[in-house]
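This is what each chain is made of:
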Amino acid sequence: MKRAYRLRALASLYDQLRSDDFDRREHALFQLAMLLRRSRDATSQPALPDYVNASLPRDLLRLRLSTQEMREAVDRLTQVMIERPQSRATAIWALGEVEAEFALASTLACIINIGGQLHNEAAFQACAALAGWLSAQEAALAGAELADLRALLMEWAGAADARLSQRADDLLAQLPAP
């Protein structure tokens, strides 16, 4: 695919991520998540569900993101997490579609930074994404990050939302012992 075409397609998607219109932004987050799912380790996931391909417009359907483009997508999604509280859950869910090597460090720092502002669905999506990444890269966590993450997860484990509480408990059990 020609570079100019790739850049134009991604620029259009990223413009929608910056939209003030909630529905437009959420749709762009969903499309980016599907694009990330298709781009992640295509050899281990040859048969994606039909809705993944059916959810992407033709210009995005032809794309497989490069390493640099995945890093840029992580940066854009992290920016949405910080700037658009109403779209945090969807942005975190979309980040969960990225391989740990691209998303763990920057997203973990962001989650720890805004973790007190994450409630119910956003916190649940953070736990789900972290669980997937940590199983792949447990050794990547530093001591201070691990302590901060453990404190945040203990807060979420005490939440009234049973689904969030259970997911946070499961993730706490997955972390290496202090």
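It should be noted that the structure appears before, not after, this text.
Criteria and cut-off values
- Residues numbered from 1 in each chain as written.
- Predicted model: local features only at pLDDT ≥ 70, side-chain atom pairs only at ≥ 80, totals over all residues.
- Heavy atoms only, no water.
- Helix = DSSP H or I, 4+ residues; strand = E, 2+ residues; numbered from the N terminus.
- Expected span 1.5 Å × (residues − 1).
- Buried < 20%, exposed > 50% of the residue type's maximum accessible area, 1.4 Å probe, protein only.
- Arc of directions from axis to C-beta.
- Contact = heavy atoms within 4.5 Å.
- Core = buried A, V, L, I, M, F, W, Y, C linked by side-chain atoms within 4.5 Å.
- Polar contact = N/O pair within 3.5 Å; in protein donor to acceptor, adjacent residues only side chain to side chain.

Participant: An account of helix α1 (residues 3-17) is needed here, citing residue identities and associated values.
Facilitator: Compared with the 21 Å implied by 1.5 Å per residue over 15 residues, the 21 Å span of α1 between its first and last C-alpha is a close match. By the burial criterion, the buried members of α1 are Arg6, Ala9, Leu10, Leu13, Tyr14, Gln16 and Leu17. Seen from one end, α1 has its buried residues packed into an arc of 155°, which puts them on one side. Facing away from the buried surface of α1 by more than 90 degrees, the exposed residues are Ala4 and Arg8. On its buried side, α1 packs onto α2 (22-39), α4 (58-61) and α5 (67-83).

Participant: Describe the nonpolar core, listing the residues and the values that go with them.
Facilitator: Grouped together as the largest cluster of nonpolar side chains are 58 residues, with contacts concentrated most on Leu32, Leu118, Leu130, Leu153 and Trp156. Elements that contribute at least two residues to this core include exactly α1, α2, α5, α6 (88-95), α7 (100-114), α8 (120-137), α9 (143-157) and α10 (162-174). In terms of residue count, the dominant contributor to this core is α8 (10 residues). Those residues within four positions of Trp156 in sequence are excluded, and the remaining contacts are Ile111, Gly115, Leu118, Ala123, Ala126, Cys127, Leu164, Ser165 and Ala168.

Participant: A description of the side chain of Ser165 should follow, citing residues and the corresponding values.
Facilitator: Its place among the elements puts Ser165 in helix α10. Here Ala157 takes part through its backbone oxygen, which lies 2.5 Å from a polar atom of the side chain of Ser165. Non-local contacts of Ser165, meaning those with residues more than four positions away in its chain, are made with Trp156, Ala157 and Ala159.

By themselves, these are just geometric observations and shouldn't be taken as functional.
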